[in-house]
Amino acid sequence: MATRRISIMGATGSIGKSALDVVRHANANAGQTFQIVALAAGSDAEGLAAQAIAFNAEIAVISDESQLPTLKTLLAGTDIEAAAGETAIAEAAARPVERMLAAIVGAAGLKSTISAIRAGNDVAIANKESIVCGGKLILSEARRRGVSILPVDSEHSAIFQCLGDGRSLEKLTITASGGPFLTSSLDQMRMASPKQAAAHPNWSMGVKNSIDSATLMNKALEFIEAGFLFDVEGERLDVIVHPQSIIHGMAHFTDGSVIAQLGAPDMKTPISYALGWPDRVPTVVDRLDLATLGRLDFENVDETRFPAIRLARQAYAHGVQATTVLNCANESAVSAFIAGHCGFLDISWIVEETLNRYFSGNMHGIACDTLEEIALLDRFSREMARDVLEKTQRRTGG
Ligand code: NDP
Ligand code: MG
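This one's a predicted model, so the numbers in the text were calculated from it and none came from an experiment.

## Concerning the domain arrangement of the chain
Domain parsing of the chain yields domain 1 (4–151) and domain 2 (166–264 + 301–396). Once you take the C-alpha centre of each, domain 1 and domain 2 turn out to be 25 Å apart. At the junction of the two partners, domain 1 supplies 20 residues and domain 2 supplies 26 residues. Roughly 1800 Å² of surface becomes buried between domain 1 and domain 2 when both sides are summed, with 68% attributable to carbon and sulfur atoms. Summed over the three residues of domain 1 that lose the most area to domain 2, namely Lys128, Val132 and Cys133, the buried surface amounts to 35% of that side. Close ionic contact of Lys136 with Asp369 constitutes a salt bridge, the shortest N to O distance being 3.1 Å. On the surface where domain 1 and domain 2 come into contact, there are 8 residue pairs in polar contact (both at pLDDT 80 or more). Elements that contribute at least two residues to the side of domain 1 that touches domain 2 include exactly helix H5 (110–118), helix H6 (128–145) and strand E7 (149–151). When residues in the side of domain 1 that touches domain 2 are grouped by element, the largest group, 10 residues, is from H6. For the side of domain 1 that touches domain 2, the class distribution of residues is 11 nonpolar, 4 polar and 5 charged.

So this is what it looks like as structure tokens:
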């Protein structure tokens, strides 16, 4: 494979660091596979500068403008450019590359993804929240520019690998580990702390994604992500609990065939696939040993303890406005939970109440066709989620 220029937005996070591990190993073992152009982060100037120097990036961009002087000091004496702010990240994402890895957490990643697509850069997309809010926009812009969108989320990478040309597809299944509370009672879940919720049994991820995995909101977002990415209606999307996280996704065809993708639960495999596609890049992950593993288990989602999938089905059936509300209410509720302002079970409850307000007519009429409209609905949804939380606190004296 000829050397491929890549940029990583969200370089200092869990996905960003794994991607740089993939790059380091590929460059050391398979010739100069990747060249880093732009790296971006939120506020971790030290981590970003160290990465930019180690990979000889052209430019390092930090979202938090107060960190620019630190970033500049750390990069002094190199020829790496330093910049700050949301617009600078969007501009960096538009620098010509063969692939931009979208690994910022939350809807905050949408703007740079759209900027990369409009510049004609293929996008390897980990940032599921941006698909849940901006799926329609991302895919229509990508089609218009002839840009490829390569899924990084493991379930979607699996489906992408199983789908073939997509003909004769009956349905898609994504698997869920069930998270840390798979066997916990509702009472145990009610008392769960952010630390317990973030302790995922199989995957190592950023805090927000880990808490989403505990509520199964991660799977709810992935259900919607699969719908948008593969253009499949909700009735043809299934979620199944598979505690070992070995099968990541499956495509079912009209002749009864089911094609599944298997692999150790390590994001380096789907990251490597999305960066290397259509080639495969040698990657250091545990190799599967099915005989040692012995068995693979499956069960249905318990929707009483985990209402998130039901909410996703409901929102996805309504369309991208409702999925945006679901995502932004969840981001707001997860922040409140981490800050100690609400309990674990309140997260799904806040999302459900915010969605109910949306369905009952509030905020209708805002489309999600442009970045500005999505940003407006994002703001309203977070405000409404905060209002739901405040009313709960007044009611419960919390
Ligand atoms: P992390 O929290 O570990 O990392 C988030 C990254 O985004 C960091 O580099 C952070 O910078 C940066 N960031 C945060 N806010 C902003 C902002 N406003 N502008 C620019 N950069 C910002 O998250 P993960 O790596 O776990 O997840 C990243 C995305 O990938 C999420 O959308 C997640 O859902 C998705 N994903 C993650 C998986 C995983 O295994 N981790 C699996 C599949 C999908 P800083 O370090 O400075 O805060
Ligand atoms: Mg996933």
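## Focus: the environment of Leu355
Examined against the element boundaries, Leu355 turns out to sit in helix H16 (residues 344–359). In this structure the C-alpha to C-alpha distance between Leu355 and Leu311, which are 44 residues apart in sequence, comes to 8.3 Å. For Leu355, the contacting residues outside a window of four places in its chain are Leu311, Ala315, Ala322, Val325 and Leu326.

## Notes on the sheet that holds strand E10 (residues 247–253)
Across the sheet, which stays open at both edges, the 4 strands sit in the order E9-E8-E10-E11 with mixed pairing between neighbours. Pairing within the sheet leaves two strands with one partner each, and these edge strands are strand E9 (237–241) and strand E11 (258–262). Neighbouring strand axes in the sheet, compared pairwise and without regard to direction, differ in orientation by 20 degrees on average. Examined bridge by bridge, E10 and E11 share 5 bridges and lie antiparallel to one another. Bridge pairing in E11 places Met250 opposite Ala260. The sheet contacts of helix H7 (residues 154–162) involve strand E8 (169–176), E10 and E11, and relative to E10 the element is tilted by about 40 degrees.

## Comments concerning the coordination of the magnesium ion (ligand 2)
Within the protein, Asp153 (OD), Glu155 (OE) and Glu222 (OE) serve as the donor atoms for the magnesium ion (ligand 2), at 2.1 to 2.2 Å. One chain supplies every donor to the magnesium ion (ligand 2), and in sequence these donors are spaced D-x1-E-x66-E. In this pair, Glu155 is assigned in helix H7 and Glu222 in helix H11 (residues 217–230), connecting sequence segments 67 residues apart. There is no split in this pair, since Glu155 and Glu222 are both buried.

## Quick word on the site of ligand 1
Taken together, 26 residues surround ligand 1, and among them Thr12, Gly42, Ser43, Asp44 and Glu129 come closest. Note that an oxygen atom of ligand 1 is positioned 2.8 Å from one of the backbone N or O atoms of Gly42. Isolated, ligand 1 exposes 890 Å² of accessible area, and the fraction of that covered by the protein chains is 84%. Put simply, the parts of the chain that give the shell around ligand 1 at least two residues each are helix H1 (14–29) and H6. Taken together, the residues of the shell around ligand 1 break down into 11 nonpolar, 11 polar and 4 charged.

## Description of the sheet that holds strand E4 (residues 81–84)
The 7 strands lie next to each other as E4-E3-E2-E1-E5-E6-E7, forming an open sheet whose pairing is parallel. Edge positions in the sheet fall to E4 and E7, since each of these pairs with one other strand and no more. The average angle at which neighbouring strand axes cross in this sheet is 20 degrees, direction not considered. Where strand E5 (residues 99–102) meets strand E6 (residues 122–125), 4 bridges bridge the pair, whose relative direction is parallel. Note on E6: the bridge partner recorded for Leu101 is Ala124. In the packing of H1 onto the sheet, the strands contacted are strand E1 (4–9), strand E2 (34–41) and E5, and the crossing angle to E2 comes to about 165 degrees.

What counts as what
- Residues numbered from 1 in each chain as written.
- Chains lettered and ligands numbered in written order.
- Predicted model: local features only at pLDDT ≥ 70, side-chain atom pairs only at ≥ 80, totals over all residues.
- Heavy atoms only, no water.
- Domains from an automatic or database assignment.
- Contact = heavy atoms within 4.5 Å.
- Buried area = accessible area lost by both parts, 1.4 Å probe.
- Salt bridge = Lys/Arg side-chain N within 4 Å of Asp/Glu carboxyl O.
- Polar contact = N/O pair within 3.5 Å; in protein donor to acceptor, adjacent residues only side chain to side chain.
- Helix = DSSP H or I, 4+ residues; strand = E, 2+ residues; numbered from the N terminus.
- Nonpolar A, V, L, I, M, F, W, Y, C, P; charged D, E, K, R; others polar.
- Pairing = 2+ DSSP bridges.
- Axes fitted to C-alpha atoms, helices over the stretch in contact; angles between N-to-C directions.
- Donors = N, O, S within 2.8 Å, 3.2 Å for Na, K, Ca; no water.
- Buried < 20%, exposed > 50% of the residue type's maximum accessible area, 1.4 Å probe, protein only.
- Near = heavy atom within 4 Å.
- Areas by Shrake-Rupley, 256 points an atom, 1.4 Å probe, with all protein chains shown as cover.

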